[in-house]
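Breakdown of the fold
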Amino acid sequence: MKTSRLLLTLSLLFLCSTANYAQSFSQEIGVIAGPVAMKSDYGLRGNSETNFGNIGLGVGLVHYINFAYRADCNCYSRDRYFNDHFKIRTELDYHVTKLEHFGKESEKNSIGGLKLRSMHGKAKVFEIGPHLEFFPRSIRDFEAGAYKFAPYISLGVHFVNYDPEVETDLPGRIGSQANTFYEFLAPSGEDPYIDTSSGTTYSIVFSAGTRYRLNDYSDLLIDLKWHSYGTDFIDGLDHDNIQNKSNEWMVWLNVGYIYYLNF
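This section reports on the structure supplied with the text. Computed from a predicted model, the values in this text were never measured in an experiment.

**Comments concerning the overall build of the protein**
Helix and strand content of the protein: six helices and eleven strands. By residue count, 48% of the 263 residues in the protein fall in the buried class. Long-range pairs, those at least 24 residues apart, make up 77% of the contacts in the protein with a sequence separation of at least 6. Accessible surface, the protein: about 13100 Å² in total, of which carbon and sulfur atoms supply 59%.

Structure representation (structure tokens):
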């Protein structure tokens, strides 16, 4: 909790501080959207139905600090390696994924299989945070039209707010022995394995993508991102077995439109 609050505070301070130096660089804004594959406690690890069944949708707003171009003079900045190969990206994301149990256990004609098939969830996640993007090719040359594609990689950290939902089609409230699969029932004295409380955490984000130059003022992008979360309750579930070796993580393939504010 303290870590996530610190990340949120630092992100807000960073956004505010950039306003004081806005003339020494140019800025870009954009929107992104695309499918989200959430890897959670629903389904079986490595199962193709799980991998392709629990797919959601994410949308986001992005802001870039471009050090290669100055807003105060409408000119390129001093030709330094950092200015010509790095951008700072800040993004605000929201994604929702409906979650189901797939795999051989849920397909069994048994009480356990019925309990798994009847269990449904939803992961609702809000994220905000900065990234450092690295462009192997020259940003100045790309913006001058020397080539159409500008590939990049990035690393970032996000403040995360999550609000999971877990329910069952069977009678009663989820979490009872009558309607819940045994692996999601905590032993006596332990914290519950099902918790639908909203909470905060962090995520480490790695992405790789490319931009495509449309014109002097805008780009298209395609981006593949991997988010690793600091908690296992993004989906509202946390159980103790071989299928639960790690916290939630997700893969997000998105496309976007970027507009240059100061060109």
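**Some words on the pattern of salt bridges**
Under the definition given, this model contains 13 salt bridges. Close ionic contact of Asp-219 with Arg-211 constitutes a salt bridge, the shortest N to O distance being 2.9 Å. Neither Asp-219 nor Arg-211 differs from the other in exposure class; each is buried. Here the salt bridges do not stand alone but share partners, grouping Glu-28, Lys-87, Glu-143, Arg-211, Arg-213 and Asp-219 into one network.

**Comments concerning the pairing of strand 8 (residues 165-168)**
Along strand 8, the buried face is formed by Val-166 and Thr-168; none of Glu-165 and Glu-167, which line the opposite face, is buried. Two elements, strand 6 (residues 119-134) and strand 8, share four bridges in a ladder whose sense is antiparallel. Within the sheet, the bridge partner assigned to His-120 lies in strand 8 and is Glu-167.

**A closer look at the environment of Gly-113**
Its location among the elements puts Gly-113 in helix 5 (residues 111-117). It is 9.5 Å that separates the C-alpha atoms of Gly-113 and His-101, two residues lying twelve residues apart in sequence. The contact partners of Gly-113, leaving out residues within four places of it in the chain, are Glu-105, Ser-106 and Lys-108.

**Things to note about the packing of aromatic side chains**
Counting across every chain of the model gives seven aromatic pairs. Look at Phe-86 and Phe-134: their rings are 5.2 Å apart centre to centre, the planes differ by 45°, and that puts the pair in the tilted class. Taken together, the residues span a long stretch of sequence, with Phe-86 in strand 5 (residues 86-100) and Phe-134 in strand 6 at a distance of 48 residues. Seen from their ring centres, Phe-149 and Tyr-212 are 5.1 Å apart, and the 55° between their planes marks the pair as tilted. Residue Phe-149 is found in strand 7 (residues 149-162), and its partner Tyr-212 is found in strand 9 (residues 199-215); the two are separated by 63 residues along the sequence.

**Looking at the nonpolar core**
Counting residues in hydrophobic clusters, the biggest one holds 34 residues, and the most contacted among them are Met-119, Val-166, Phe-184, Ile-194, Ile-234 and Leu-237. Looking at this core, the elements that each hand over two or more residues are strand 1 (26-39), strand 2 (55-66), strand 6, helix 6 (139-143), strand 7, strand 10 (218-229) and strand 11 (249-260). Those residues in contact with Met-119 that sit more than four places away from it in its chain are Tyr-42, Glu-100, His-101, Val-166, Glu-167, Thr-168, Ile-174, Phe-184, Ile-194 and Leu-237.

**Regarding the environment of Val-96**
By the element assignment, Val-96 lies in strand 5. Along the sequence, Val-96 and Leu-57 sit 39 residues apart, while their C-alpha atoms lie 5.7 Å from each other. Other than its neighbours up to four places away in sequence, Val-96 contacts Gly-56, Leu-57, Lys-122, Ala-123 and Lys-124.

**Things to note about the pairing of strand 7**
Each regular strand displays side chains that alternate between the two surfaces of the sheet. As paired elements, strand 6 and strand 7 share eight bridges and run antiparallel to each other. Considered in strand 7, the bridge of Glu-133 is made with Ser-154. Direction of pairing for strand 7 relative to strand 9: antiparallel, over a ladder of 14 bridges. Counterpart to Asn-161 in the pairing with strand 9 is Thr-200.

**Comments concerning the side chain of Glu-28**
Tracing the sequence through the fold places Glu-28 in strand 1. In terms of polar contacts, Glu-28 uses its side chain to reach the side chain of Asn-66, at 3.0 Å. With near-sequence residues (within four places) excluded, Glu-28 lies in contact with Val-62, His-63, Tyr-64, Asn-66, Lys-87, Glu-143, Arg-211, Ile-258, Tyr-259, Tyr-260 and Leu-261.

**Regarding a nonpolar patch on the surface**
Together, Ile-29, Val-31, Leu-61, Leu-92, Phe-149, Tyr-212, Leu-214, Tyr-217, Leu-220, Tyr-257, Tyr-259 and Leu-261 make up an exposed nonpolar region whose accessible area comes to about 1000 Å². Elements with a contribution of two residues or more to the nonpolar patch: strand 1, strand 9 and strand 11. Take Tyr-257: it is sitting in strand 11.

Thresholds, definitions, all that
- Residues numbered from 1 in each chain as written.
- Predicted model: local features only at pLDDT ≥ 70, side-chain atom pairs only at ≥ 80, totals over all residues.
- Heavy atoms only, no water.
- Helix = DSSP H or I, 4+ residues; strand = E, 2+ residues; numbered from the N terminus.
- Buried < 20%, exposed > 50% of the residue type's maximum accessible area, 1.4 Å probe, protein only.
- Contact = heavy atoms within 4.5 Å.
- Areas by Shrake-Rupley, 256 points an atom, 1.4 Å probe, with all protein chains shown as cover.
- Salt bridge = Lys/Arg side-chain N within 4 Å of Asp/Glu carboxyl O.
- Pairing = 2+ DSSP bridges.
- Phe/Tyr/Trp six-rings, centres within 6.5 Å; stacked < 30°, edge-to-face > 60°.
- Core = buried A, V, L, I, M, F, W, Y, C linked by side-chain atoms within 4.5 Å.
- Polar contact = N/O pair within 3.5 Å; in protein donor to acceptor, adjacent residues only side chain to side chain.
- Patch = residues over 30% accessible without salt bridge, like charges linked within 9 Å, V, L, I, M, F, W, Y side chains within 5 Å.

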